[in-house]
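# Report on the structure
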Amino acid sequence: MTAAPAASRTVPPSGVPSARQLRSRLRRARRRHHPPSLGDLLTDIYMAVLFTAMYGWAFVSNVREYLHSPSADPADPAERYWLAGAALLAVAGLGWQGLRALGPVLVTPATQAWAVSAPVDRRAWLLPRAGLLIGLAAGAGALLGAALGAVGTALVDRADLRLAALAGAACGAAGVGLSIVAQGSLPGRRWPRLLGTGATVAGALGAVTVVVAHFTGLGLVRPSVPVALLVVVVALPLAVLTGALALRALPRVDRASLTTGAQFANAAATAAVLLDPSLLFGLVESRRWRGVGRVRSRRFLAGRRWWVLLQAEARRLRRHPSAPTAWVALVLLQYAVAVAVPVAAGTAQVVGAFLAAGRLAGGLRAVSRSPGLRRVLGGDDTAVRLVHLVWPAVGAALWWVVTLPVGGAQPGWLTVVLVLGVVAGAYRAATKPPMSYDTAMVDTPFGMIPVGLLSQLLRGWDVVAVVVVARLLLT
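Residues numbered from 1 in each chain as written. Predicted model: local features only at pLDDT ≥ 70, side-chain atom pairs only at ≥ 80, totals over all residues. Heavy atoms only, no water.

### Re the overall build of the protein chain
- Helix and strand counts for the protein chain come out as 20 helices and two strands.
- Buried residues in the protein chain amount to 31% of all 475 residues.
- Total accessible area computed for the protein chain in this model is approximately 28,500 Å², and 69% of it derives from carbon and sulfur atoms. (Helix = DSSP H or I, 4+ residues; strand = E, 2+ residues; numbered from the N terminus. Buried < 20%, exposed > 50% of the residue type's maximum accessible area, 1.4 Å probe, protein only. Areas by Shrake-Rupley, 256 points an atom, 1.4 Å probe, with all protein chains shown as cover.)

### A word on a nonpolar patch on the surface
- Taken together, Leu 355, Val 442, Ile 449, Val 451, Leu 454, Leu 458 and Trp 461 make up a surface patch of nonpolar side chains, about 540 Å² in accessible area.
- Here Val 442 is to be found in strand S1 (residues 442-444). (Patch = residues over 30% accessible without salt bridge, like charges linked within 9 Å, V, L, I, M, F, W, Y side chains within 5 Å. Salt bridge = Lys/Arg side-chain N within 4 Å of Asp/Glu carboxyl O.)

### Here's the deal with helix H14 (residues 362-369)
- Here H14 has its buried residues at Gly 362, Gly 363, Leu 364, Val 367 and Ser 368.
- Structurally, H14 contributes buried residues whose contacts are with helix H11 (305-319), helix H13 (345-359), helix H15 (371-377), helix H16 (381-388) and helix H18 (412-430). (Contact = heavy atoms within 4.5 Å.)

### Quick word on the packing of helix H12 (residues 322-340) against H13
- Here H12 crosses H13 at 180 degrees, and the two axes come no closer than 9 Å. Our classification of the angle between H12 and H13 gives roughly antiparallel. Across the interface between the two elements, Ser 322, Ala 323, Ala 326, Trp 327, Leu 330, Gln 334, Val 337 and Ala 338 from H12 touch Ala 345, Ala 348, Gln 349, Gly 352, Leu 355, Ala 356 and Arg 359 from H13.
- Grouping the amino acids of the contact of H12 with H13 by side-chain chemistry returns 10 nonpolar, four polar and one charged. (Axes fitted to C-alpha atoms, helices over the stretch in contact; angles between N-to-C directions. Parallel < 35°, antiparallel > 145°, perpendicular 65-115°, else oblique. Nonpolar A, V, L, I, M, F, W, Y, C, P; charged D, E, K, R; others polar.)

### Points about the pattern of salt bridges
- Tallied over the full model, the rule gives three salt bridges.
- Salt-bridge contacts for Arg 316 lead to Glu 313; the nearest nitrogen and oxygen are separated by 2.9 Å. Here Arg 316 pairs with Glu 313, and both are found in helix H11, just three residues apart, close to one helical turn.
- Of the residues examined, Arg 316 reaches a relative accessible area of 18% and is grouped as buried.
- You can call Glu 313 buried: its relative accessible area is 4%.

### Thoughts on a positive patch on the surface
- Together, Arg 25, Arg 27, Arg 28, Arg 30, Arg 31 and Arg 32 make up a positively charged patch on the protein surface.
- The residue Arg 25 is located in helix H1 (residues 19-33) in this model.
- With relative accessibility at 47%, the residue Arg 25 sits in the partly exposed group. (Lys, Arg positive; Asp, Glu negative; His and termini not counted. Charge placed at Lys NZ, Arg CZ, Asp CG, Glu CD.)

### Let's talk about the environment of Leu 355
- Within the fold, Leu 355 resides in helix H13.
- For Leu 355, a relative accessible area of 35% corresponds to the partly exposed category.
- Distance from Leu 355 to Ala 426, taken between C-alpha atoms, is 8.1 Å for residues 71 residues apart in sequence.

### Section: the packing of aromatic side chains
- With the rule as written, the count across this model stands at five aromatic pairs.
- For the pair Trp 96 and Trp 191, a centre-to-centre distance of 6.5 Å together with 40 degrees between the ring planes defines the contact as tilted. With Trp 96 in helix H3 (residues 77-102) and Trp 191 in helix H7 (residues 191-216), this pair connects stretches of sequence that are 95 residues apart.
- For Trp 96, a relative accessible area of 7% translates into the label buried. (Phe/Tyr/Trp six-rings, centres within 6.5 Å; stacked < 30°, edge-to-face > 60°.)

### With respect to the side chain of Gln 349
- Examined against the element boundaries, Gln 349 turns out to sit in helix H13.
- Take Gln 349: its relative accessible area is 0%, and that puts it in the buried class.
- A polar contact of 3.0 Å, which involves the side chain of Gln 349, links it to the side chain of Arg 471.
- Residues in contact with Gln 349, not counting those within four places in the same chain, are Gln 334, Trp 399, Trp 400, Thr 403, Leu 404, Gly 407, Gln 410 and Arg 471. (Polar contact = N/O pair within 3.5 Å; in protein donor to acceptor, adjacent residues only side chain to side chain.)

### Some words on the nonpolar core
- Counting 41 residues, the largest nonpolar core has Leu 83, Trp 327, Val 350, Leu 364, Trp 399, Trp 400 and Val 422 as its most contacted members.
- Contributing elements (two or more residues each) for this core: H3, H7, H12, H13, H14, helix H17 (390-402), H18 and helix H20 (461-474).
- Those residues in contact with Val 350, other than ones at most four positions away along the chain, are Trp 400, Val 422, Val 464, Val 467, Val 468 and Arg 471.
- Counting 18 residues, the second largest nonpolar core, distinct from the first, contains Val 105, Val 107, Ala 130 and Ala 246. (Core = buried A, V, L, I, M, F, W, Y, C linked by side-chain atoms within 4.5 Å.)

### Here we look at the confidence of the model for the protein chain
- In this model, the protein chain carries a mean pLDDT of 81, and residues with pLDDT of at least 70 account for 90%.
- When the criterion is pLDDT under 50, residues 1-13 qualifies, and its contacts beyond four places in sequence or with other chains add up to two contacts. (pLDDT = per-residue confidence, 0-100.)

### Digging into the environment of Arg 359
- Among the secondary structure elements, Arg 359 is positioned in helix H13.
- What makes Arg 359 partly exposed here is its relative accessible area of 30%.
- Along the primary structure Arg 359 and Trp 327 are separated by 32 residues, whereas in three dimensions their C-alpha atoms are 7.3 Å apart.
- Sequence-distant contacts of Arg 359, defined by excluding residues within four places in its chain, comprise Arg 288, Ser 322, Ala 323 and Ala 326.

### Points about the environment of Val 105
- Here Val 105 shows up in the loop between H3 and helix H4 (109-116).
- The exposure class assigned to Val 105 is buried, which follows from its relative accessible area of 1%.
- In this structure, the C-alpha to C-alpha distance between Val 105 and Leu 132, residues 27 residues apart in sequence, is 9.9 Å.
- Apart from residues lying up to four places away in sequence, Val 105 is in contact with Leu 126, Arg 129, Ala 130, Leu 133, Ile 180, Gln 183, Ser 257 and Leu 258.

### Focus on H18
- For H18, with 19 residues, the first-to-last C-alpha span of 27 Å sits near the 27 Å given by 1.5 Å per residue.
- Where H18 is concerned, the buried positions are Leu 414, Thr 415, Leu 418, Val 419, Gly 421, Val 422, Val 423, Gly 425, Ala 426 and Ala 430.
- Packing partners of the buried residues in H18 comprise H13, H14, H17 and H20. (Expected span 1.5 Å × (residues − 1).)

### Details of the packing of H3 against H12
- Where H3 meets H12, the closest approach of the two axes is 9 Å, and the angle between their N-to-C directions is 145 degrees. By crossing handedness, the relation of H3 to H12 is classed as left-handed. Seen from H3, the contacting residues are Glu 79, Arg 80 and Leu 83; seen from H12, they are Ala 336, Val 339 and Ala 340.
- Residues belonging to the contact of H3 with H12 are distributed by class as follows: four nonpolar, no polar and two charged. (Left-handed = near helix turned anticlockwise from the far one by under 90°.)

Take a look at the structure:
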């Protein structure tokens, strides 16, 4: 039997390319369509670093000078110290929940279809992304730690700043590494959710303890051992351990968790580019309502349209527990501000009332953004909006009553005016029309300023600013 010609022989299939080879091919393909410019990249990095350093250091310096100024309102340094620790713990819990919502390792839909679904080593493919995330988290934590160290001391000591920066970097790297481990764990595991909730609740309980100790006259003392040193001793080995565990968890990160966070990232990027936060808030709101699951329907009490709409809005708030939770958190924040920075208690009361009313204005935002929903509900558009404003107004008034002991002395008529101004600001913010980009531009010595866009972004907050100025002038 003669051998077959060379041209007719079956060529064995080529081996699966490695992640590095695939990444190199994709990089060459992108360069053909989008030739990179090293100068533009370096310019963008320089501008970002310059503005961050300039405005960040100016903010830190002003806050430090105010907190340690003799003219500032007297406040117990120990109470400020423990409130800062409680705030950091609560922010860490909220940051953990944000990382869990983002992934934190994520890929675009195109990468999922062409790379993640291919027989490529997933660990090698995701390793650069995970390393970049951990590095960015460590850098951001170092900046935050250095800023907190500079704010907490009247005279900046370089040794203290280096220790605080190291503590922040270790905490940031450990948090991201642990979130990658949680991303690669089984969907039914409860510890990732309990970890974030526990940190937030612990921070809230710490703030409650400091506030109660302040109003009951119990003295608090600062620890004699530097806390930054203890954080470094605990967080640095934890960062190394979580980094190793994250490396082992990368092969177990499935495609669903890789693309879930991409929706939030795309929505956030689009909202930042288009200056329209509703694009991100709408996605978050839809996710929250899908997490509610099934509900039991009940009949409304008979009555006029406005009475039925009030019942429906109350039931919606009861089925959406995040709004009352945020309301309680704002009350605690107001008391904490009154303890730590008494001079800012009045301004914080106005801003907090506006935020509390906004958390209860979900129905008002829904009917304002949907003409079809208003047609289904029937009646006059203004009447429908005013009915949905009732619960935000009640929430703002109740919030003001609860925080009145720490809001500062003021006459009764001024309280009514301030509450009405806050409700007007909440109504103006909730009824904001869609963004319009065909607006006026003003030429200033600092460049062209889009006045129309700024007025749309600050809709609602402009009324709050007027209320704050009126309070400062009339008290």
